[in-house]
Amino acid sequence: MEIKKLVIASHNQGKVSEIREMLKPYGVEVVSAGELNLPDVEETETTFEGNATLKAVELSKLSGLPCLADDSGLCVDALGGRPGVYSARYAPNRDFDKGMDKLLAELADANLKNPSRKAHFVCCLALALPGTTESAALFKGFVDGQIATEKAGSNGFGFDPLFVPDEGDGRTFAQMSHEEKDKISHRGRALGRFVKEIFAN
Ligand code: IMP
């Protein structure tokens, strides 16, 4: 399958710039949904796979181009896996600073019963080709870590200032460079699988 131009089905600048950066070496022209004035697709499914497929299929239909959608989220053990697939809606008015304060407060409550601060990020990428109603392929990536007791760092986006990956050196994702995060992140891993399948050879 040869892909020369790819639409990223997201209006989340953080996601789009990470994906764009990671696809740079492969010579594919990357355009975002925002740059093409494509609408935000409502996430009506209850799984990462379902929402990623929904977004990829819809925007590929509207753009007439191959489309890659990312549905991702943070799953916190002591909160029973929440916010999970609802991570984007967890922050009041999509204000992630407030969202992180909310998460710290909820976790402090939950920790009275269960002291775990374990969490993981999930990323599910769906590729859809124009004229199809199902995704052509799905690629998943995960990263395990801990929720820090306070926010640290200003890189990245979303919950990055609170997430300390187990494979790191104690810094949050927001304290790492893009390259450091991409090497071990859920999105970096899912995208690695996508690249291997689509751009290998
Ligand atoms: P959605 O995939 O558009 O539903 O949104 C995913 C949400 O999960 C984002 O808005 C963030 O809150 C969170 N999220 C996903 N990936 C990351 C990441 O790499 N860093 C920080 N937060 C993330």
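The structure contained in this document is the topic of the report that follows. Residue indices follow the written sequence of each chain, beginning from 1 at its first position. The predicted origin of the model limits local features to residues at a pLDDT of at least 70 and limits the giving and counting of side-chain atom pairs to 80 or more, whereas totals for whole chains, interfaces and linings rest on all residues. Heavy atoms throughout the structure, all of them, feed into the side-chain values; hydrogens and water do not.

## Considerations on the site of the ligand
Thought 1: Residues in contact with the ligand amount to 19 residues; listed here are only the nearest, Lys15, Glu43, Asp160, Lys181 and Arg187.
Thought 2: Asp71 places a polar side-chain atom, nitrogen or oxygen, 3.2 Å from an oxygen atom of the ligand.
Thought 3: Under the rule applied, a polar contact is a pair of N or O atoms within 3.5 Å (in protein, one hydrogen donor and one hydrogen acceptor; residues adjacent in sequence only if both atoms are side-chain atoms). Between the ligand and Lys181, the relevant distance is 2.8 Å, taken from an oxygen atom to a side-chain nitrogen or oxygen of the residue.
Thought 4: Look at the ligand: alone it shows 490 Å² of surface, and the protein chains cover 97% of it.
Thought 5: Throughout, the protein atoms alone are placed on a 1 Å grid, and a set of points is a cavity if a 1.4 Å probe fits but cannot get out or a pocket if it is open with protein on both sides within 12 Å along at least five of seven lines; lining residues have an atom within 4 Å of a point. For this analysis, a molecule is said to be in a pocket or cavity if more than half of its atoms are within 2 Å of the grid points defining it. Most atoms of the ligand, that is more than half of them, are within 2 Å of grid points of the largest pocket.
Thought 6: Counting only elements with at least two residues in the shell around the ligand, the list comes to strand E3 (67–76), helix H3 (87–90) and helix H6 (186–199).
Thought 7: Put simply, DSSP marks the helices as runs of H or I at least four residues long and the strands as runs of E at least two long, and each gets a number from the N terminus on. Of the residues forming the shell around the ligand, the biggest block, 4 residues, is contributed by E3.
Thought 8: Each residue is assigned to one of three groups, with Ala, Val, Leu, Ile, Met, Phe, Trp, Tyr, Cys and Pro labelled nonpolar, Asp, Glu, Lys and Arg labelled charged, and all others, Gly among them, labelled polar. Among the residues making up the shell around the ligand, the classes are represented as 5 nonpolar, 6 polar and 8 charged. Being near a molecule or strand, for a residue, comes down to having at least one heavy atom within 4 Å of it. Every accessible area reported is derived by Shrake-Rupley at a probe size of 1.4 Å, with residue values counting cover from the shown protein chains alone.

## A short note on the sheet that holds E3
Thought 1: Pairing between strands is defined by DSSP: at least two bridges between them are needed. The strand order across the open sheet built from 6 strands is E2-E1-E3-E4-E5-E6, with neighbouring strands paired in mixed fashion. Whereas interior strands pair on both sides, the edge strands pair on one side only; in this sheet they are strand E2 (29–32) and strand E6 (163–165). This sheet shows a mean twist of 35 degrees between the axes of neighbouring strands, independent of strand direction.
Thought 2: Two elements, strand E4 (residues 118–128) and strand E5 (residues 137–147), share 10 bridges in a ladder whose sense is antiparallel. Across the sheet, Phe121 pairs through a bridge with Val143, a residue of E5.
Thought 3: Throughout, a residue-residue contact means that at least one pair of heavy atoms, one from each residue, lies within 4.5 Å. For helices, the fitted axis covers only the stretch in contact; all axes are lines through C-alpha atoms, and the angles between them, taken along N-to-C directions, range from 0 to 180 degrees. Each of strand E1 (5–8), E3, E4 and E5 is contacted by helix H2 (residues 48–63), which is oriented at about 155 degrees to E3, the strand it contacts most.

## What to know about the nonpolar core
Thought 1: Counting residues in each nonpolar core, the largest one holds 21 residues, and the members touching the most others are Leu6, Leu23, Leu68, Leu125, Leu191 and Phe194.
Thought 2: For this core, the secondary-structure elements that each account for two or more residues are E1, helix H1 (13–23), E4, E5 and H6.
Thought 3: If you tally residues by element for this core, the top one is H6, at 6 residues.
Thought 4: Residues contacting Leu68, with those up to four places away along its chain left out, are Leu6, Val7, Ile8, Ala9, Ile19, Leu125, Ala126, Leu127, Leu191 and Phe194. Take the buried Ala, Val, Leu, Ile, Met, Phe, Trp, Tyr and Cys residues and link them wherever side-chain atoms come within 4.5 Å; each set so joined is a nonpolar core. Burial status follows relative accessibility: with a 1.4 Å probe on protein chains alone, a residue under 20% of its type maximum counts as buried, one over 50% as exposed, and anything between as partly exposed.

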